[in-house]
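Letter by letter, the chains look like this.
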Amino acid sequence: MGRKIWQALAMSCALFIATQPGNPAFADDAPTETAPNEDGVWELNADGKPDPVSSAQLYTEMRFQGGQYARNYRHQMLTGDFTCDDVVDRIAGWVDLDSPGGPQFALLFVTNHGGKAQSEIRYIPFKQSEQYALCIYDETAPPVMSWQENSIEFMDEIIGDKDMCNFAIRIDDFMCDAPQFFYSEKPAENGDHWMFFRN
């Protein structure tokens, strides 16, 4: 009888401690959201600044954009501010084997740019003959994702837009020139914000 009382007391103490202010919050805890404003923008923090992209948000988009099995693939992730807005973004990449046309490299961009959640996915085929492609598919060595900071001069002279964010997301298979993607606040005609570039 005494043992059950001690167990009940221990549970009550644990519950009391867990509900007290000052307990740590985890980075991937879902933010409390009320509703978007008239422009469709979620104010995710009390100070009006958007939250960084959480891993939970990334994996939700990975399932939604890439299909229910996408998160089961071995995937790479880049975490940082790649849209030049001082908010942390997350970018995931994996070799998608579900395509009937053969393996493709899937690249998922997830941001909270301007307080508004955005996600875009690109599928890059392994076809040496095409400009928008990787050269070689290797089952044992997937392409490597990385990021590169470029100068304003490079953005102006080579990319042709010095106002575009100067961080490139690169995908290297080390057999041909790396496809690169840059974030543009002004979307293309099809609504895409991530612009493709290759030397």
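Now for a quick tour of the structure. Here the residue numbering is sequential within each chain, running from 1 through the sequence in written order. Side-chain atom pairs in this predicted model are given and counted only at pLDDT of 80 or more, local residue features only at pLDDT of at least 70, and totals for whole chains, interfaces and linings cover all residues. Excluded from the side-chain calculation are hydrogens and water; included are all heavy atoms of the structure.

### Observations regarding the nonpolar core
Buried residues of nine kinds, namely Ala, Val, Leu, Ile, Met, Phe, Trp, Tyr and Cys, make up a nonpolar core once their side-chain atoms join them within 4.5 Å. When a residue's accessible area, from a 1.4 Å probe over protein chains only, is under 20% of the maximum for its type it is buried; when over 50% it is exposed; and in between it is partly exposed. In terms of nonpolar packing, the biggest core is built from 18 residues, with Ile91, Phe105, Leu107 and Trp194 touching the most fellow members. Here isoleucine 91 is in contact with Leu58, Gln76, Met77, Leu78, Phe82, Leu107, Leu108, Phe109, Met145, Ile169 and Trp194, once residues within four sequence places are set aside. Tyr59, Trp94, Leu108 and Ile121 belong to the second-largest nonpolar core, a separate cluster that totals twelve residues. Two residues form a contact once any of their heavy atoms are found within 4.5 Å.

### Some details on the packing of aromatic side chains
Here the aromatic set is Phe, Tyr and Trp, taking the six-membered ring for Trp, and pairing holds for ring centres within 6.5 Å; pairs whose planes are under 30 degrees apart are stacked, those over 60 apart are edge-to-face, and all others are tilted. Enumeration over the complete set of coordinates arrives at eleven aromatic pairs. Ring centres of phenylalanine 182 and phenylalanine 197 lie 6.3 Å apart, and the angle between their planes is 70°; on these two criteria the pair is classed as edge-to-face. Here phenylalanine 197 lies in strand 8 (residues 194-197) and phenylalanine 182 lies in strand 7 (residues 180-183), a separation of 15 residues in the sequence. Since its relative accessible area comes to 16%, phenylalanine 197 is described here as buried. These aromatic residues form a ring-pair network of at least three members: Phe109, Tyr132, Phe181, Tyr183, Trp194 and Phe196. Going along the chain from the N terminus, every DSSP run of H or I of four or more residues is numbered as a helix, and every run of E of two or more is numbered as a strand.

### Observations concerning the layout of surface pockets
When its volume is computed, the second largest pocket comes out at roughly 260 Å³. Think of a 1 Å grid over just the protein atoms. A cavity is a set of points where a 1.4 Å probe fits yet cannot get out, a pocket is an open set with protein on both sides within 12 Å along at least five of seven lines, and lining residues have an atom within 4 Å of a point. Along its surface, the second largest pocket is lined by 14 residues, and Tyr73, Arg74, Val95, Glu139 and Pro142 are the ones closest to its centre. When residues of the lining of the second largest pocket are traced back to their parent elements, those giving at least two are strand 1 (75-80) and strand 2 (89-96). If you tally residues by element for the lining of the second largest pocket, the top one is strand 2, at three residues. Grid points are joined across faces, edges and corners, and a volume is the space filled by probe spheres set on the points.

### Comments concerning unusual backbone geometry
With a phi close to 65°, aspartate 86 is a non-glycine residue in the positive phi region. Look at aspartate 86 and you get exposed, because its relative accessible area is 75%. Positive phi, normally seen in glycine, also occurs at phenylalanine 174, with a value near 65°. Structurally, the position occupied by phenylalanine 174 is in the loop between strand 6 (167-172) and strand 7. On the accessibility criterion, phenylalanine 174 (62% relative accessible area) is exposed.

### Re the state of the cysteines
By definition, disulfides here are pairs of cysteine sulfur atoms that lie within 2.5 Å. Taken as a whole and assessed by the stated rule, the structure comprises two disulfides. The residue that forms a disulfide with cysteine 84 is cysteine 165, at a sulfur-sulfur distance of 2.0 Å. Between cysteine 84 and cysteine 165, the S-S dihedral sits near 75°, and the bridge is therefore right-handed. Here cysteine 165 lies in the loop between helix 3 (152-159) and strand 6 and cysteine 84 lies in the loop between strand 1 and strand 2, a separation of 81 residues in the sequence. With relative accessibility at 6%, the residue cysteine 165 sits in the buried group. Put simply, cysteine 135 and cysteine 176 are joined by a disulfide, and their sulfur atoms are 2.2 Å apart. The disulfide joining cysteine 135 to cysteine 176 has a torsion of about 135° about its S-S bond and is therefore right-handed.

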